[in-house]
Structures are given as C-alpha cells and as structure tokens.
Amino acid sequence: VSSAVVVFDLIGVLAEPSWREFAPPGLETWPRLRAGEIPEGAFWSAAHALAYRRALCFRRDRLAYVERLRARGHRICLATNFHSGWLAALLEKSETARLFDAAVVSSEIGVAKPDPRFFAEVRRHAPADSVFVDDQKPNCEAAARAGLRPVHAYLGRDIEGEVERLLGG
Amino acid sequence: MDLTEADTPSVLAAVDYSDARIRAARLALGGLDVREGAAVLALGSVGRYEASPASDFDVAFLFDPTRIEAPEARALREEVIAALRGAGFDVAEKTFDKPIDARGLLRNIGGRNETNESLTYRALLLTESAWLYNAATARELCDAIFDVYRRDAVSRGRHLATLGNDLHRYYRTLCLDYRWKVEEGGKEWATRIMKLRHSRKLWHLANIAVQCAAREADARGEDHDAHLAAALNRPPLERIAITAVPGGRADLARRIFLAYDRFLGRMRDPAVRAELLALRHDDEGRSAVYLDMRDNAQTLQIAAGEFFHHLYERHRDHLMRFTIL
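Along every chain, residues carry numbers that run from 1 in the direction the sequence is written. Starting at A for chains and at 1 for ligands, labels are handed out in the order in which the entities are written. At least 70 in pLDDT is required for a residue's local features to be given in this predicted model, at least 80 for side-chain atom pairs to be given and counted, and no such filter applies to totals for whole chains, interfaces and linings, which use all residues. Processing note: side-chain calculations cover all non-hydrogen atoms of the structure and skip hydrogens and water entirely.

Peer 1: I'd like to hear about the nonpolar core, residue by residue, with values.
Peer 2: If you look at the biggest cluster of nonpolar residues, it comprises 120 residues, and the most contacted ones within it are A:Phe8, A:Leu10, A:Trp86 and A:Val133. Strands here are runs of E lasting at least two residues and helices are runs of H or I lasting at least four, both read from the DSSP assignment and numbered beginning at the N terminus. Looking at this core, the element that brings in the most residues is helix 7 (residues 190-219) of chain B, giving 13 residues. When sequence neighbours within four positions are dropped, the list of residues in contact with A:Val133 reads A:Val6, A:Val7, A:Phe8, A:Asp9, A:Val13, A:Val151, A:Ala153, A:Ile159 and A:Val163. If you look at the next biggest cluster of nonpolar residues, it comprises 24 residues, including B:Ala38, B:Ala51, B:Phe61 and B:Ala130. Joining through side-chain atoms within 4.5 Å is the link that ties buried Ala, Val, Leu, Ile, Met, Phe, Trp, Tyr and Cys residues into a set, and such a set is a nonpolar core. Throughout, exposure labels follow a simple rule: accessible area from a 1.4 Å probe, protein chains only, divided by the maximum for the residue type, with under 20% read as buried, over 50% as exposed, and the rest as partly exposed. Here a residue-residue contact requires only that any non-hydrogen atoms of the pair lie within 4.5 Å.

See the structure below:
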C-alpha cells in the first residue's frame, strides 16, 4: 500500500479558518455558493471576501505531514466543499499546488459532500481503500459507502497516528 | 435544563456580545496579510464568551521563533494592536503586553525555569481562547500545547494527570495572585474577590467536570484525549452542561446557570462596577451591591458544591486521586 492515495478535506483538516468563523451569523446562501450556483458577490460583502482570502492559511504541521506522505510515494487528493476562488487564492499564496495530485471542489462539480455524486468524482482519483480524512462524520460515513477508508478528524484527534495505522505504517 | 431565554438573559447577551466582538476583530485584522508562524487570540472574558461592554479586550500575540524572528514579531504585534485600536477595540495591555514565544510554552513545565506567565498562557490558550488572526497557526500552536501533555512518555498516565495538575495549579495561582494584589500590591479588592468567587471558580469546576466526562468517554471505549481536548476550550458553562445533562443532573447545571447569569448581569452594569471599584474593605457591610453579589456567590457555591458532590458520587476514585489527594 505504499502508493495508496490519501484524500484530505481542506478546512478543519489541512487549512483554516472556516468561512463560518468569519461571516456575520445568518448567511443562508452557502449551499448555493458551494454548489457554484451563485457568485461570491451574492454571498457576502467585498470586505468579507478580501479578509477571508487573506485569512486562509494552511497549518504548517499538517502540510509537513502531507509532504512526508508524498515523499513516501503517496498521491494526495483534496476533497472539499468550497468555493473554487478561495482554493485558488490559498494555493497561489502558499505555493502549495504542487503537493496535490487532484482536487475535487464542490463549486466546480456542482455537488457537495456527503452527496454520493461527490464521492463518485473522488473515486475517479482515488481507488477503493484509499484513505479519506474529514472532520465531518456524515462525510466519513458517505466515504465509507463509496469504498474509501475514512478517518474522522474530530477536534483533538491524533490524525497522523490514525492515517498511519490505516496505511500500515 | 428547563431554561428559557428569559431565564438567562445575561448569559445569552454575553455570548452574543463576545461572538460579535470576535467576528469584528477578525474582520479588522483581515486587512493584514497572514504571516505564517504568528497568531493572535482573544483571551479572558471574550475567550470565555462572557464579555460585556465593560470588559477588557485581552489579546495574546504568539509566534513560533523557528518561523518568525522576535523583532519581526514585535513589529507585527504593533501592527495588530494598531489595527484593532483603529477599529475601536480598547486593547488591554496589562498581562498580555508582548509577543510570546509559543515554543517556550512547551518547555520547562514544572521546572525551576518555569514562570507564572507561561503557566498562564498555557492554561488560557487551552481553556478560553478564540483566534483573531491566523487561525491555522493559532490552532496548530494550541494543539501543540495539548500534545505536550498527551505525548508525555512517563508522567502522563491514562487520564492526562499532568494536564489536570497544571490547570489546578493555575487556579491556585489565581487565588494567590489575588492575595498578593490586595495585600501588597495596593489593588482594589471587591471586583477581584467577586471574579474569584464566580468566574474563576466556575472555570475550575468546569475543568474538573470535563476531566470526569473524558474518563467516562474512556470507559465507553472512546478517545479520552480527543474528548478532553475538544471539551476544554468550550465556555465554562457549556462544559458544566455537557457533563451534568448526560449524567442526569440537568437540575444542578440549571442552578449554576441561574446564579452565574445574575453575576454576569451585575458585572455588565457600570454602576455596579464603579461601586465595587470604590469599595473599601472596611465598608463591605454597608454596600448593598456588594452584599447582594456576596449572597449570589454563596448561591453559586452551594450549587457548585452539589454538582461536585454529584461528580464525586460518579467518579469517587478518580476525583480522590486526581483532584483531592
């Protein structure tokens, strides 16, 4: 399994913060933004858009782990309910696009986790038994139904230890 | 808990106010590019979601010296403080008045070179912090603090006793800090004793409660450490609730909520704060405000004591070993 694919969720796992931690309460158009149905300008203010792009950042510790996985021959895939413009901004400023072999982004494919169609897209990049890391339990359950091996990255969990256990490391 | 919004208006107002302040501060700092390796967090009443317009706005600036050097950290901290003040935040610079080497918080725990300052930062970052700038580094550094205890090879024990002892030690340090400030430091006493008897005590009780809850999670075969890590940074009242309600004693949590709501309501009143600030110790019996708050402290003490008794009945050996003996 040394070349197994590891699929990572983005916010709450590899990067921070969630847009929810930034926005005023009560934004109800997120399902439409994440599905790519509305532009960001219809979601929140230009000030929020700019501030959120600036605030987005990878966790150095998690990125270092991704680098170690790649060095061991694993392919890395992102699978995220996210706005593609935010991901582009994050990858550009952190110069980390090279770390990811594929990215499945909800706003690009029009469906979000835990929809089975999202996981069908993930499976195009990740064969059965690939490891899938996500901080949302319903997403992990959907991943398991799609033939992936989930790691529920709940707050406080030793994510690296659990991924290594599944990889047999 | 059989509570309505009308029962705890001050608790809810404090949560709403704190949340709004945190979001506004994040937006105010959104004009700064994120510098990897530096993070800013709200601590104190804002971090506990108990703030009112009368509260201090305590801000901790952390940096990782392997990624950002101290002079750059100092300059960035000045930018952060200026941005916050420019947005109308009255940033307090008493305890938290300089950049803190986050890696330094991970060393010398319990050793002769440890300082009260590093103990304070560790305890507050773990139990009452909310990120304001660079969430990624903030979460990474807070996780690193928890991991020190989690990964201890010899001393950690099954229930992370070292972490429990460190939090316990910080509570006792606060109690003695009060003694020093009012006996030798010439500081006012009435507000401090009321905070000790309400918010500090609740903080301490909440820490003990979630340690018991983590032990129960462990007994169910769940992830003890993750349970504790996730629960610790919830507001103290929430920590009480998530422990009491599954234990079948929502009534005890309710009494604590009601007494604490009264405390928060009093503390958001500028007239109450002014009277406590001016109160001489010899005059305590003549202040209706003080006497009322002292009675409320006693009400909270009784409710907290009964909740502790409930914990003791369920976790006698654990509490005896880890928090009493």
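Peer 1: Tell me about the interface of chain B and chain A, and name the residues and values.
Peer 2: In this complex, chain B contributes 24 residues to the contact, which on the side of chain A involves 24 residues. When two parts are brought into contact, each loses some accessible area as probed by a 1.4 Å sphere; the total of that loss over both is the buried area. When chain B packs against chain A, the two sides together hide about 2100 Å² of surface, and 52% of this comes from carbon and sulfur. For this document, the term salt bridge refers to a Lys or Arg side-chain nitrogen within 4 Å of an Asp or Glu carboxyl oxygen. The interface formed by chain B and chain A includes seven salt bridges. For B:Arg139, the salt bridge is made with A:Glu16, and the minimal N-O distance between the two is 2.6 Å. The definition of a polar contact used here is a pair of N or O atoms within 3.5 Å, where within protein one atom must be able to donate a hydrogen and the other to accept one, and adjacent residues in sequence count solely through side-chain atom pairs. In this structure, the connection of chain B to chain A is made through 13 residue pairs in polar contact (both at pLDDT 80 or more). For the side of chain B that touches chain A, the secondary structure elements donating two or more residues are helix 1 (9-28), helix 5 (135-150) and helix 8 (224-232) of chain B. The biggest single contributor to the side of chain B that touches chain A is helix 5 of chain B, with six residues. Each residue belonging to the side of chain B that touches chain A can be placed in one class, and the counts come to nine nonpolar, three polar and twelve charged. Three classes are used, and their members are as follows: Ala, Val, Leu, Ile, Met, Phe, Trp, Tyr, Cys and Pro are nonpolar, Asp, Glu, Lys and Arg are charged, and the others, Gly among them, are polar.

Peer 1: Outline the pattern of salt bridges, supporting the account with residue identities and numerical values.
Peer 2: Taken as a whole and assessed by the stated rule, the structure comprises 51 salt bridges over all chains. A:Glu162 is paired through a salt bridge with A:Arg157; the nearest N and O atoms lie 3.6 Å apart. When sorted by exposure, A:Glu162 lands in the same class as A:Arg157, which is buried. With a shortest N-O distance of 3.0 Å, B:Arg220 and B:Glu222 are connected by a salt bridge.

Peer 1: Got a sec to walk through the pairing of strand 6 (residues 131-134) of chain A? Specific residues and values, please.
Peer 2: Residues and elements named next belong to chain A. Residue alternation in strand 6 divides its side chains into two sets, Val131 and Val133 and Phe132 and Asp134, and both sets are buried. At least two DSSP bridges between two strands are required for those strands to pair. Across three bridges, the pairing between strand 1 (residues 5-8) and strand 6 is parallel. Within strand 6, the residue paired with Val7 across the bridge is Phe132. Of the pairings in the sheet, the one linking strand 6 to strand 7 (residues 149-152) comprises four bridges and is parallel in character. The partner of Phe132 across the bridge, within strand 7, is Pro150. Here, the term right-handed applies to a crossover whose path from the first strand over the helix to the second runs clockwise when the strands point away from the viewer. Following the backbone out of strand 6, through helix 7 (residues 137-145) and into the adjacent parallel strand 7, one traces a crossover that is right-handed.

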